[in-house]
Amino acid sequence: MLTNSRHSRTISRRMFVIAGSAAAAAAASTGSTFAADTAKITAIDHTYGNPPPSDGPGLKMINERFDVNYQPTFVPEASYTEKLTAVVASGDIPDIMYSPGDSNFYKWAGQGAFLALDDFIEQYPSFKLVPSLTLNAGRVNGKVYAIPQYYPPYSLTPSIRQDWLDKLGLKMPTSYDELKQVALAFTKQDPSGRGAGKTYGIAMGQTINPSYAMGAWWDPDSWLHKDDQGRLLLGSITDASKERIQFLAELYAEGAVSRDFAVMDWAATNKEFYSGKAGIFIGAPRGMSQDYMAGLLQIDPGARPVPIPPFKAPDGAQEFLATAGFSGLTTFSAKLAKDKDKTKAILDMLDFRRTFYPADQQTPQNKDYDWLMGGEGKGYDVVDGKIVPKDGTTNPQGLAPNEYLVGGTAWVPKPSDLDYSKGYTKEPIMGAWAKALQDMWTQTKGYTNPTIGVQSKTFEDKGTDLTQFLSDEQTKMVAGQRKLDTWDDMVSEWKSRGGEAYIQEINDGLKNMQG
Amino acid sequence: MLKYASRGERIGDAFNYVVLALIAAAMFFPFFYITMISFSSLADFLRSDVIFWPQQWVLDAYRYIFQSHAFRQSLQISIFITIGGTLVNLAFTSTMAYALTRPHFGRRALLLGVIFSMLFSPGLIPSYMVVKELGLINSLWALILPGAISPFNLIVMRQFFLSIPDEVTEAALLDGANEVQIFWKIILPLSKPALAAFALFYAVGHWNSYFSAILYLNDPAKWPIQVVLRQIVILNQPNAALGDTQFMLEHQPPPQTIQMAAIIVATLPILLVYPFLQKHFAKGVMIGSVK
């Protein structure tokens, strides 16, 4: 596909005509003209909301500052992979491209579609911040072809209604046994004061989500346990996971877990907690819904959710599984190797976007930050000392350059540099919850999987089925339709379906990467 | 009719009515429920107080959707695609269907080609490359031209044309009409039910146009309503608001009430088309079933 250069040349020539006329139209509408030697830079990225218009003031600012003709395309996230596949297969790889880091990335990198970045990483301060382990995600055949995009290390953390604990005179649980007693008390007694039988313990949805791993030791996604050959194992086939599933099964039998969990989607699971029915759920420092919290507070004005600290694992550790610390990759077209100036312009833009400004530098006085946000009074307003963007994601006007610059958000040097809890301005109780979660994550660093960036061919081919199999069988176990003592049979069947090869490939890959 | 029915038959009829009414209610209820949720406040919804009627009628969800400029623009785009696309579909499908009823050289080969294209439709990448080579990327025509003729509809429409007696066309020929006149003045007027039915099939398809819009249209200003509404609905899911600014949190994921309102807004217009085409439609779906 990628090697069919004759074909792609024909297309790109034709595309040039079209793109040229589009650029002329854009220039006419924004009233700016491009110098003949201005580099045309194409980019493709995914979007969750509605993207800014293709002629917003923010885009014009970028073109002027970097002396480029920048043309980003934003694709709805749900269909991003398909569109990307079509665009790349048709022969013109955009100069800057977001990749979810799926098998396509490794395939295309192997075929030479992307620019090797090893020489540039040291040159740009924001690239240097990416830890070497995280950079592995963009490494193919020893070279770095992509820069990971920032994502906070916090994963979703089990949380509990402190007000219910207080009401029943219970202590914060520190082990699965204690958690079980609490969940049962939430079910059998009357923590809400609305009458017994109106509440229960644990809100859980389909595919056993949240997993209620009270530490990396029990986490289905961790690579922590080792088998007798010294190979790392996927968490969901270990005895620690068995213990967790047993815990859930026992509670389910007592009515202390969402009754219809096997068919409940994420929104329905949220509703169990935010309607004041279930007392145990998850929280995260960022991304929680204040509207939901307002709903819960109307029902239970005293609701006070707090995180449950990780339990002490048999190996002595007391920490949750952290995320990989990134989400998605930024890649650059291999064709850029021929054009040094254009490469520099692109990397300058990316570095600019990824530069982090601590809270005290997020002010109109900071020229770079001010520019990024579109300028005071134009892109944002200062309200009570806070920067409030004028643009929303429902109806953006493209007022600020940061709406157009792709390549991820700022790379945060230390997670503690960011205070998400301040964002919950409408519901301070949720803010306090977020703060507690944040503090907990700052105190316990969390376990990071050593397997980041390790590829498994078997998992690429059969991963969905393998994951689905474990999830289905464990769901049956929780629901009491399959006996827990058939756990080992389940694991051997999973291994024979490809799980064995998956584990072997991950461990081999890990050795190669380290060696 | 009922006057002559026996007691047993009448009981049978009553039973049928009851069962059918229950089935109809089961079909109707989800839509009704969605409508009621869309007019409720989130707190009522979370408390599960909305079963048949909102506690309080609120328009917040609709206000949220309609305040969006992108939404209003996309509505126009969708209306254009639906009307323009359907006209193109009908023009191409009916003319080709008619041509395939006439005795001329190569008809069989052409029909075979049609059936072949029905069985082997191109994948994502070939389609994309064809559209790109035609220079239609980022043009609304990319949503209209590639699927201008649905082979299935073409074959069914041809079958309908064949059911019009040859004597009629022959009489016209004797009167000196040419093929275009026969088609325009005789075949088409006789085929109104078929045209209405296919117009509906095609129009629904265009109204729901989502994936091809994402694939071919790069400029968000050209997105049809289904794409924009979906973006509003899934806006800012947990992954969306990545972390460099705490103020991202001010944009909350829209609650279920807004999602429900979006569903209503996206379905209602095309739903309103049905009653007008209903009488043709009932006849239309049977086209070609009896020759």
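### Considerations on the overall build of chain B
Right, on to step 1. Within chain B, the secondary structure is distributed over 13 helices and 0 strands.
Right, on to step 2. Going from the N terminus to the C terminus, chain B shows its helices and strands as α-α-α-α-α-α-α-α-α-α-α-α-α.
Right, on to step 3. Here the contacts in chain B between residues at least 6 apart in sequence split such that 73% fall between residues at least 24 apart.

### What about the domain arrangement of chain A?
Right, on to step 1. Each assigned domain of chain A is listed here: domain 1 (5-153 + 325-403) and domain 2 (157-321 + 424-450).
Right, on to step 2. Taking only C-alpha atoms into account, the centre of domain 1 of chain A sits 38 Å from that of domain 2 of chain A.

### Digging into unusual backbone geometry
Note: most residues except glycine have negative phi, and most peptide bonds are trans.
Residues and elements named next belong to chain A.
Right, on to step 1. A cis amide bond links Asn 209 with the next residue in sequence, Pro 210, at an omega value of -5 degrees.
Right, on to step 2. Within the secondary structure, Pro 210 sits in the loop between strand 8 (200-202) and strand 9 (223-226).
Right, on to step 3. Within the chain, Thr 207 stands out as a residue other than glycine whose phi angle is a positive 55 degrees.
Right, on to step 4. By the secondary structure assignment, Thr 207 is in the loop between strand 8 and strand 9.
Right, on to step 5. Of note, Tyr 212 is a non-glycine position whose phi angle comes to about 55 degrees, a positive value.
Right, on to step 6. By the element assignment, Tyr 212 lies in the loop between strand 8 and strand 9.
Right, on to step 7. We classify Tyr 212 as buried; it has 24 C-beta atoms within 10 Å.

### A word on the packing of helix 4 (residues 69-99) of chain B against helix 7 (residues 151-162) of chain B
Residues and elements named next belong to chain B.
Right, on to step 1. The contact between helix 4 and helix 7 brings their axes to 8 Å, and the two run at 55 degrees. One finds that helix 4 runs oblique with respect to helix 7. In the crossing of helix 4 with helix 7, the sense of the turn from one axis to the other is right-handed. Residues Thr 93, Ser 94, Met 96, Ala 97 and Tyr 98 of helix 4 touch helix 7, and the partners they reach there are Asn 153, Leu 154, Met 157, Arg 158 and Phe 161.
Right, on to step 2. When its residues are assigned to classes, the contact of helix 4 with helix 7 shows 6 nonpolar, 3 polar and 1 charged.

### A closer look at the confidence of the model for chain B
Right, on to step 1. Considering every residue of chain B, the mean pLDDT works out to 82; 86% of them sit at 70 or more.
Right, on to step 2. Between residues 236-253 of chain B, whose pLDDT stays under 50, and residues either more than four places distant or in other chains, the model counts 54 contacts.

### Thoughts on the nonpolar core
Right, on to step 1. Counting 158 residues, the largest nonpolar core has Ile 202 and Ile 346 of chain A as the members making the most contacts within it.
Right, on to step 2. Apart from residues no more than four positions distant in its own chain, Ile 202 of chain A is found in contact with Ala 183, Tyr 212, Leu 251, Ala 256, Val 257, Ala 278 and Ile 280 of chain A.
Right, on to step 3. Counting 19 residues, the second largest nonpolar core, distinct from the first, contains Ile 187, Ala 194, Leu 200 and Trp 207 of chain B.

### Remarks on the sheet that holds strand 11 (residues 278-283) of chain A
Residues and elements named next belong to chain A.
Right, on to step 1. An order of 8-11-7-12 is seen for the 4 strands of this open sheet, with the pairing classed as mixed. Strand pairing shows two members of the sheet lacking a second neighbour, strand 8 and strand 12 (305-307), which therefore form its edges. Within this sheet the neighbouring strands show an average axis-to-axis angle of 30 degrees, counted without direction.

### Remarks on the pairing of strand 1 (residues 39-47) of chain A
Residue and element names in this part refer to chain A.
Right, on to step 1. Counting buried positions along strand 1 gives 7 out of 9 residues, so the element sits mostly inside the fold.
Right, on to step 2. Looking at chain direction, strand 1 and strand 2 (residues 68-76) are connected through 9 bridges and run parallel. Note on strand 2: the bridge partner recorded for Asp 45 is Phe 74.
Right, on to step 3. In this fold, the crossover linking strand 1 to strand 2 by way of helix 2 (residues 57-66) has right-handed handedness.

### Focus on the environment of Glu 376 of chain A
Right, on to step 1. Topologically, Glu 376 of chain A is positioned in the loop between helix 14 (367-372) and strand 14 (380-383).
Right, on to step 2. Sequence-distant contacts of Glu 376 of chain A, that is, excluding residues within four places in its chain, are made with Pro 364, Asp 370 and Val 382 of chain A.

### Examining helix 13 (residues 340-354) of chain A
Quick reminder: α-helices carry 3.6 residues per turn. Residues three or four places apart thus point the same way.
Right, on to step 1. Here helix 13 of chain A spans 21 Å end to end across 15 residues, near enough to the 21 Å set by a 1.5 Å rise per residue.
Right, on to step 2. Among the residues of helix 13 of chain A, those classed as buried are Thr 343, Ala 345, Ile 346, Leu 347, Met 349, Leu 350, Phe 352, Arg 353 and Arg 354 of chain A.

### What about the packing of helix 4 of chain B against helix 10 (residues 192-207) of chain B?
Packed helices, taken two at a time, are described by their axes: the angle between them and the distance between them.
All names here are of chain B.
Right, on to step 1. One way to put it is that helix 4 packs onto helix 10 with a least axis distance of 8 Å and a crossing angle of 140 degrees. Considered as vectors, helix 4 and helix 10 are oriented oblique to each other. In this structure, helix 4 meets helix 10 at a crossing whose hand is right-handed. Contacts between helix 4 and helix 10 pair Ser 78, Ile 81, Thr 82, Gly 85, Thr 86, Asn 89, Leu 90, Thr 93 and Ser 94 from the former with Leu 195, Phe 198, Ala 199, Tyr 202, Ala 203, His 206 and Trp 207 from the latter.
Right, on to step 2. For the contact of helix 4 with helix 10, the per-class residue count stands at 8 nonpolar, 8 polar and no charged.

Reading the values: rules and limits
Residues numbered from 1 in each chain as written. Chains lettered and ligands numbered in written order. Predicted model: local features only at pLDDT ≥ 70, side-chain atom pairs only at ≥ 80, totals over all residues. Helix = DSSP H or I, 4+ residues; strand = E, 2+ residues; numbered from the N terminus. Contact = placed C-beta atoms within 7 Å. Domains from an automatic or database assignment. Buried ≥ 20, exposed ≤ 12 C-beta atoms within 10 Å, placed from the backbone. Axes fitted to C-alpha atoms, helices over the stretch in contact; angles between N-to-C directions. Parallel < 35°, antiparallel > 145°, perpendicular 65-115°, else oblique. Left-handed = near helix turned anticlockwise from the far one by under 90°. Nonpolar A, V, L, I, M, F, W, Y, C, P; charged D, E, K, R; others polar. pLDDT = per-residue confidence, 0-100. Core = buried A, V, L, I, M, F, W, Y, C linked by C-beta atoms within 7 Å. Pairing = 2+ DSSP bridges. Right-handed = clockwise from strand over helix to strand, strands pointing away. Expected span 1.5 Å × (residues − 1).

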